[in-house]
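Residue-level structure breakdown
The chain contents come next:
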Amino acid sequence: MTQNVAVLGTGKIGEALLSGMIRAGWSPANLLVTTRRPERAEELRTRYGVTPVSNTEAAKSADTLILTVKPQDMGTLLDELAPHVPAERLVISGAAGIPTSFFEERLAPNTPVVRVMTNTPALVDEAMSVISPGSHATADHLAHAEEIFGGVGKTLRVPESQQDACTALSGSGPAYFYFLVEAMTDAGILLGLPRDKAHDLIVQAAIGAAVMLRDSGEHPVKLRENVTSPAGTTINAIRELENHGVRAALIAALEAARDRSRELATGNG
Ligand SMILES: NC(=O)C1=CN([C@@H]2O[C@H](COP(=O)(O)OP(=O)(O)OC[C@H]3O[C@@H](n4cnc5c(N)ncnc54)[C@H](O)[C@@H]3O)[C@@H](O)[C@H]2O)C=CC1
Ligand SMILES: O=C(O)[C@@H]1CCC=N1
């Protein structure tokens, strides 16, 4: 049986997922979207051939609902949806912080809920999506969530207690790498390189390093040691990174992201 899937609150992450599902072979005829603004709905219809509907229509007619509004908007969305979601509908939340119990308390008894934290590389089919079941989600529900998110990258099942940490690592993770590229490009300017050349050099270094991290089977320490020649250039840079507490800064940064995810748990954060 063909399943209809609705993406409710199709912003950046919702669109990234939607585009990936179509690349993975989902028919736009089976995909519904909801938006706040009518112009945005038309944009999505034109771009992907999907059908914009209201939130209540989506709740009534889609087999799976994927909720991709901001955590702060989730309570309002659920108030609108709750009277219309039949108990057997699978509800997938893509929001940071909000636990599956938040949905279970507001939807019909026994509604299956799955919590997923994905990331923006879904746009290039390189997402990392971390998946946890709520109290009423079965193996089939998890498999269905994996089928959807597996189309845009890798998936990993984790206990829900690890979701806030995963949000800090892989959900927000791409932003840290973009920040590093931006900072290193500035360093290239300081060293006298034109900005476009500095950007290209750092991006290719990042891609090369990422592929080696994924494919070489080597530990990151070994890979870094292979770059670090005795009395060479790299060790001078590493000493500065250590002097400036970059390792401690990264640990503190990810801890702060994890803490913010916890704060968002009520949907009012
Ligand atoms: N941006 C990212 O890298 C990631 C975001 N997320 C999660 O995805 C969710 C969305 O984040 P973004 O896509 O960045 O935000 P966004 O602001 O681009 O998208 C949210 C969309 O929901 C719409 N919306 C809000 N209330 C609505 C309602 N009642 N009915 C219909 N549409 C409604 C907004 O108009 C907006 O277009 C958040 O919960 C966030 O925690 C998860 C992983 C990564
Ligand atoms: O910054 C945020 O709250 C969202 C969740 C993970 C990535 N972006």
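Model, not experiment: these values are computed from the prediction.

Things to note about the sheet that holds strand β7 (residues 127-133)
- Spatial strand order, β3-β2-β1-β4-β5-β6-β7-β8: eight strands in an open sheet with mixed pairing. Two strands in the sheet have a free side with no partner beyond their single neighbour: β3 (51-52) and β8 (153-157).
- Where β7 and β8 come together, five bridges link them in parallel fashion. Counted as the bridge partner of Ile131 is Arg157 from β8.

With respect to the site of ligand 1
- As a structural note, the neighbourhood of ligand 1 is formed by 25 residues, with Gly9, Gly11, Lys12, Ala95 and Ala96 the closest of them.
- Secondary-structure elements contributing two or more residues to the shell around ligand 1 are α1 (12-23) and α4 (71-81).
- When residues in the shell around ligand 1 are grouped by element, the largest group, four residues, is from α4.
- Within the shell around ligand 1, the residues separate by chemical class into eight nonpolar, 13 polar and four charged.

Some remarks on the site of ligand 2
- In the vicinity of ligand 2, the contacting residues are Ala96, Thr167, Gly171 and Ser172.
- For the shell around ligand 2, a count of residues per class yields one nonpolar, three polar and no charged.

Quick notes on the packing of helix α8 (residues 173-190) against helix α9 (residues 195-215)
- Following both chains from N to C, one finds α8 and α9 inclined at 135°, their axes separated by 9 Å at the closest point. With respect to each other, α8 and α9 are oriented oblique. Between α8 and α9 lies a crossing whose hand is right-handed. Together, Phe177, Val181, Met184, Thr185, Gly188 and Ile189 of α8 and Arg195, Ala198, His199, Leu201, Ile202, Val203 and Ala206 of α9 make up the contact between the two elements.
- Split into classes, the residues belonging to the contact of α8 with α9 amount to nine nonpolar, three polar and one charged.

Considerations on the UniProt feature "domain: Pyrroline-5-carboxylate reductase dimerisation" (unreviewed entry) in the protein chain
- On the UniProt side, "domain: Pyrroline-5-carboxylate reductase dimerisation" (unreviewed entry) is annotated at positions that read residues 160-264 here.
- The span residues 160-264 is 80% helix and 0% strand, and its two end C-alpha atoms sit 15 Å from each other.

Points about the environment of Ile238
- Turning to its location among the elements, Ile238 is positioned in helix α11 (residues 234-243).
- When the C-alpha positions of Ile238 and Arg224 are compared, they lie 9.9 Å apart, and in sequence the two are 14 residues distant.

Some remarks on the UniProt feature "domain: Pyrroline-5-carboxylate reductase catalytic N-terminal" (unreviewed entry) in the protein chain
- When the UniProt feature table is mapped onto this chain, "domain: Pyrroline-5-carboxylate reductase catalytic N-terminal" (unreviewed entry) is found at residues 5-97.
- Secondary structure over residues 5-97 splits into 44% helix and 19% strand, and the C-alpha atoms at its two ends are 23 Å apart.

Thoughts on the domain arrangement of the protein chain
- When its domains are assigned, the protein chain resolves into domain 1 (5-160) and domain 2 (173-263).
- Between domain 1 and domain 2, the contact holds five residues from the first and four residues from the second.
- Of the residues assigned to the side of domain 1 that touches domain 2, the class counts are two nonpolar, three polar and no charged.

The rules behind these values
- Residues numbered from 1 in each chain as written.
- Chains lettered and ligands numbered in written order.
- Predicted model: local features only at pLDDT ≥ 70, side-chain atom pairs only at ≥ 80, totals over all residues.
- Pairing = 2+ DSSP bridges.
- Helix = DSSP H or I, 4+ residues; strand = E, 2+ residues; numbered from the N terminus.
- Near = placed C-beta within 6 Å.
- Nonpolar A, V, L, I, M, F, W, Y, C, P; charged D, E, K, R; others polar.
- Axes fitted to C-alpha atoms, helices over the stretch in contact; angles between N-to-C directions.
- Parallel < 35°, antiparallel > 145°, perpendicular 65-115°, else oblique.
- Left-handed = near helix turned anticlockwise from the far one by under 90°.
- Contact = placed C-beta atoms within 7 Å.
- UniProt positions renumbered as here; feature names shortened; annotations may be inferred.
- Domains from an automatic or database assignment.

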